[in-house]
Amino acid sequence: MKLYTFLLLLLLLSCKNINNDFKKESKLTSAKWLLGRWQNNKLESIVTETWKEENDSVFAGESYIVQVKDTIFHELIKLHETNGELFYTVSIKNNSEEIPVSFKLTKATNSLLIFENPEHDFPNKISYAKISEDSIYAEISGLIRGQMAKEGFPFKRQR
């Protein structure tokens, strides 16, 4: 009887651990489709964005724009989970210091991620939409001098 009770207790504890692991699934999993190398070939420049899984709570991204042979824009991005919330944090070099700006996830579906920071000047909204396995659309938007402005970036997956 003691063996039966012990086995039953062990089974119940195992089920509880499996259930707890399931509940702990990261919000980051909703963004896995973002991983990879993406490129937008505009007439005058090439925009590249690369996303890698750094660990189970952080995706590291890098975005840059090359015009002719010069890199005219470069930023480092972290998609990270903190206290159960997902944040998109961008670091841009401004002179000699990096100034990180965070945007909080406000909407997530299987094919859409929206991050917002109403306190930031521009952009204050960043969104990614999955069009297909090999195509995404990124958009930055917000107010510039009181007028709504936005810029879109259709990306194709690079293999």
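Just above sits the structure.
Residues numbered from 1 in each chain as written. Predicted model: local features only at pLDDT ≥ 70, side-chain atom pairs only at ≥ 80, totals over all residues. Heavy atoms only, no water.

### Quick look at the pairing of strand S4 (residues 70–82)
And then number 1: Note: strand S3 (residues 58–67) against S4, 10 bridges, orientation antiparallel. Residue pairing across strands places Phe59 opposite Leu79, the latter belonging to S4. (Pairing = 2+ DSSP bridges. Helix = DSSP H or I, 4+ residues; strand = E, 2+ residues; numbered from the N terminus.)

### Focus on the nonpolar core
And then number 1: With 26 residues, the main nonpolar core has Leu34, Trp51, Leu79, Tyr88, Phe115 and Tyr128 as its most contacted residues.
And then number 2: Setting aside anything within four residues of it in sequence, one finds Tyr88 in contact with Trp51, Ile77, Lys78, Leu79, Val101, Ser102, Phe103, Phe115, Ile126 and Tyr128. (Core = buried A, V, L, I, M, F, W, Y, C linked by side-chain atoms within 4.5 Å. Buried < 20%, exposed > 50% of the residue type's maximum accessible area, 1.4 Å probe, protein only. Contact = heavy atoms within 4.5 Å.)

### A closer look at the packing of aromatic side chains
And then number 1: Scanning all chains against the criterion turns up six aromatic pairs.
And then number 2: Taking 6.4 Å as the distance between ring centres and 85° as the angle between the ring planes, the aromatic pair formed by Trp51 and Tyr128 counts as edge-to-face. Taken together, the residues span a long stretch of sequence, with Trp51 in strand S2 (residues 46–55) and Tyr128 in strand S8 (residues 125–132) at a distance of 77 residues. Side by side, Trp51 and Tyr128 carry an identical accessibility label, which is buried. (Phe/Tyr/Trp six-rings, centres within 6.5 Å; stacked < 30°, edge-to-face > 60°.)

### Describing the pattern of salt bridges
And then number 1: Counted under the stated rule, the structure contains eight salt bridges.
And then number 2: A salt bridge links Glu85 to Lys104, with the shortest nitrogen-to-oxygen separation between them at 4.0 Å. Highlighted residues: Glu85 in strand S5 (residues 85–94) and Lys104 in strand S6 (residues 97–108), separated in sequence by 19 residues.
And then number 3: Its relative accessible area of 28% is what places Glu85 among the partly exposed residues.
And then number 4: Residue classification places Lys104 among the partly exposed positions, given a relative accessible area of 38%.
And then number 5: Salt-bridge contacts for Asp134 lead to Arg157; the nearest nitrogen and oxygen are separated by 3.4 Å. (Salt bridge = Lys/Arg side-chain N within 4 Å of Asp/Glu carboxyl O.)

### Quick notes on the environment of Val68
And then number 1: With respect to the helices and strands, Val68 occurs in the loop between S3 and S4.
And then number 2: Taking C-alpha positions, Val68 is 7.5 Å from Glu44, a pair spaced 24 residues apart along the chain.

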